[in-house]
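Here are the chains, one letter per residue:
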Amino acid sequence: MLIDWFTVIAQLVNFLLLVWLLKRFLYQPILSTIDAREKRIADEFADADAKRTQAEQQGELYRHKNQVFDQQRMEKMNKVSAESSAEKARLLAAVREEANALRTKLLQALQDEQRSLQVTLRDRAQQEIFEIARKTLKDLADAPLETSMVAVFIRRLRELTGPEKAHFQAGFKDIESPVIVRSAFDLSEQQRGLISEAITALINPSVKIQFETAPELISGIEMNANGQKVAWSIADYLTTLTQRVNQVMQSRDEQNTEQGSHDKHL
Amino acid sequence: MHLSPDQIVYWQMGFLKLNATIVFTWLVILLLVVMSVLVTRHLSTNLQRSRWQNLLEVVVITINKQIEEVGLSQPHKYLGFLGSLFLFIAVCALGTMIPGFEPPTGSLSTTAALALCVLVAVPLFGIQEQGLARYLSTYAKPTIIMLPFNIISEVSRTLALAVRLFGNMMSGAMILAILLTITPFLFPIVMTLLGLLTGIVQAYIFFILATVYIAAATRTQEFSARDIAQP
């Protein structure tokens, strides 16, 4: 008989025992371990997912912050740029204005200097011209000329009329000091006599007459007493001419100055 | 010369006896349990673990996956029974390499006991899954006429399980013994190798057939529902 029923029963029990033992010592621990490991791995994956999500959120946050920062920086840069442009324009305008003022000032200084130079040159030229004229006339002056001048002087005294004569007579009427007659050259006795005769005829016969020689008169003759003066000389003419020329130049200078200030205002 | 390790009796007292089948079964049980205890005493849930733990995990996961692939959606429930079947038969087959080892599966008593276990386990799992009435009704399908044939089929397949395993294991050991007497040197080694292969294959076949039977018993309702849905 191949089947031993006691052995069958024993093997049944043995096998059931084996099932129980393996379940207890093999399958449950191994399956628990595998489950625990899978759970752990799943947890780690979940944790990694959560961290990745968090990292993505943070990345997004920082990206957003970067964008905002860039935008703000751009705005500030634009603002600073605009401000610097405005400041530059303002400074340029101020510098330009200052430069204009300096240039105007310089121009005016140049004009003043030019004018001053012109005035100096003109005065100097004027002086030179009159000096040359004076020298020329002085060189030309001689006794015949002197004689002619004395004759003219006497004629002028005699030709005095009307209010001019009255005025003249009033001026020399009560003088006590002598009447001084000055001439560029020494007068001859004849000339002195003619002059004395004319003067006494004009003023009064008791008047004292004193003759002096004054070379600065160039060519001419003058009479003065007690602050009154009657003269006729080239120097006198020259002085009068100089005074007139000066008056003309002065009026022209004033006109130039007014025109210059008018131009500057424009 | 003996056909079954049942015939090697170490101790006997009336009906009770201690033969080689029982003793080597205990040895196999001891080996499996001691190894399991030694390995599972220091189980690691970390990514780094011992080689033995790896080996046991691979074995358990593979058995689990095979059960699932056959069609049992909750393999954990059947792992204890089916996995023990496979491991017991496989270790018995591997033990044939050791000189003097008598595989318990070479005894028709052992294979009959295993087949009886399957015979009992199949309706038990079926009833647990479907309920008693519904499970019993499957024997009368498609018609009541099929009832005796279904019962015969149930018994005959159990018998086939037992005899198939016994025949293969016994023949392997037997051929080895005969060849040792005829050609003592090279040929038995080749036959031992072949015996290892057939032993593992038989373990797989026994395990897979038991799984298929249990799957068929627990999924009858699903098949019926599908049959109704697809006329």
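Each chain carries its own residue numbering, running from 1 in the direction its sequence is written. For naming, the first written chain is A and the first written ligand is 1, with later ones following in the order written. Only residues with pLDDT of at least 70 are given local features in this predicted model, and only at 80 or more are side-chain atom pairs given and counted; all residues enter the totals for whole chains, interfaces and linings. The basis for the side-chain values is all heavy atoms of the structure; hydrogens and waters are excluded.

1. Re the overall build of chain B
Strands are runs of DSSP state E lasting at least 2 residues, helices are runs of H or I lasting at least 4, and numbering of each runs from the N terminus. Looking only at helices and strands, one finds eight helices and two strands in chain B. When the helices and strands of chain B are read in sequence order from the N terminus, they spell out β-β-α-α-α-α-α-α-α-α. Reported as C-alpha extents along the three principal axes, the dimensions of chain B are approximately 65 × 50 × 40 Å. Buried means the residue's accessible area, taken with a 1.4 Å probe over protein chains only, is under 20% of the maximum for its type, while exposed means over 50%, and partly exposed covers the values in between. Counting all 231 residues of chain B, 42% fall into the buried class. Residue contacts follow a heavy-atom distance rule, with two residues in contact if any of their heavy atoms lie within 4.5 Å. When contacts within chain B are restricted to residue pairs at least 6 apart in sequence, those whose partners lie at least 24 apart make up 65%. In these tables, accessible area is a Shrake-Rupley quantity obtained with a 1.4 Å probe, and a residue counts as shielded only by the protein chains included in the view. Within the structure as shown, chain B displays about 12,400 Å² of accessible surface, and the carbon and sulfur contribution to it stands at 72%.

2. Comments concerning helix H3 (residues 162-172) of chain A
Because an α-helix packs 3.6 residues into every turn, residues spaced three or four apart end up facing the same way. Residues and elements named next belong to chain A. Looking only at H3, the buried set comprises Phe168, Gly171 and Phe172. Along H3, the residues classed as buried sweep out an arc of 85° about the axis, all on the same side. Of the exposed residues in H3, the ones pointing more than 90 degrees away from its buried face are Pro163 and Ala170. The arc under discussion is defined with respect to the helix axis, by the directions toward the C-beta atoms.

3. Some thoughts on the layout of surface pockets
All names here are of chain B. Roughly 410 Å³ of internal volume is contained in the second largest pocket. Forming the boundary of the second largest pocket are 19 residues, of which Leu32, Met35, Leu87, Val91 and Leu94 lie nearest the centre. Mapped onto the lining of the second largest pocket, the elements with two or more residues apiece are helix H1 (20-40), helix H2 (51-70) and helix H3 (75-95). Think of a 1 Å grid over just the protein atoms. A cavity is a set of points where a 1.4 Å probe fits yet cannot get out, a pocket is an open set with protein on both sides within 12 Å along at least five of seven lines, and lining residues have an atom within 4 Å of a point. Grid points are joined across faces, edges and corners, and a volume is the space filled by probe spheres set on the points.

4. A short note on the pattern of salt bridges
For this document, the term salt bridge refers to a Lys or Arg side-chain nitrogen within 4 Å of an Asp or Glu carboxyl oxygen. If you walk through the whole model with that rule in mind, you get 16 salt bridges over all chains. Note that Asp43(A) and Lys39(A) form a salt bridge whose closest N and O atoms lie 3.2 Å from each other. Taken together, the positions of Asp43(A) and Lys39(A), both in helix H1 (residues 5-140) and four residues apart, correspond to about one turn of that helix. Under the relative-accessibility criterion, Asp43(A) is labelled partly exposed at 39%. Close ionic contact of Arg52(A) with Asp49(A) constitutes a salt bridge, the shortest N to O distance being 3.3 Å. Of this pair, Arg52(A) and Asp49(A) both sit in helix H1, three residues apart, which is roughly one turn of that helix. In the salt-bridge network here, residues are joined through shared partners; they are Arg37(A), Arg49(B) and Glu57(B).

5. Some thoughts on the interface of chain B and chain A
Of the residues lining the interface, 47 residues belong to chain B; the matching set on chain A comes to 28 residues. Counting the surface chain B buries against chain A, the share from its top three residues, Ile29(B), Thr45(B) and Val60(B), is 13%. Inspection of the region where chain B meets chain A yields two salt bridges. Polar contacts, as used here, are pairs of N or O atoms within 3.5 Å; protein pairs need one atom able to donate a hydrogen and one able to accept it. Residues neighboring in sequence count only if both atoms are side-chain atoms. Seen at the junction of chain B and chain A, the total is eleven residue pairs in polar contact (both at pLDDT 80 or more). A 1.4 Å probe defines the accessible area here, and the buried area is the portion of it lost by two parts on being joined, summed over both.

6. A word on the environment of Val39(B)
Structurally, the position occupied by Val39(B) is in helix H1. Residues within four places of Val39(B) in sequence aside, it is in contact with Trp52(B), Gln53(B) and Leu56(B).

7. Here we look at the side chain of Thr33(A)
Mapping Thr33(A) onto the fold places it in helix H1. When neighbours within four sequence positions are excluded, Thr33(A) is seen to be in contact with Leu43(B), Ser44(B), Thr45(B), Gln53(B) and Glu57(B).

8. A look at helix H6 (residues 147-182) of chain B
All names here are of chain B. What a helix is expected to span follows from its residue count: subtract one and scale by 1.5 Å. Between its first and last C-alpha atoms H6 spans 51 Å; for 36 residues at 1.5 Å apiece the expected length is 52 Å, and the two agree. Along H6, the residues that are buried comprise Glu154, Arg157, Thr158, Leu161, Ala162, Leu165, Phe166, Met169, Met170, Met174 and Leu179. Buried-residue contacts for H6 involve H3, helix H4 (108-130), helix H5 (132-137) and helix H7 (186-218).

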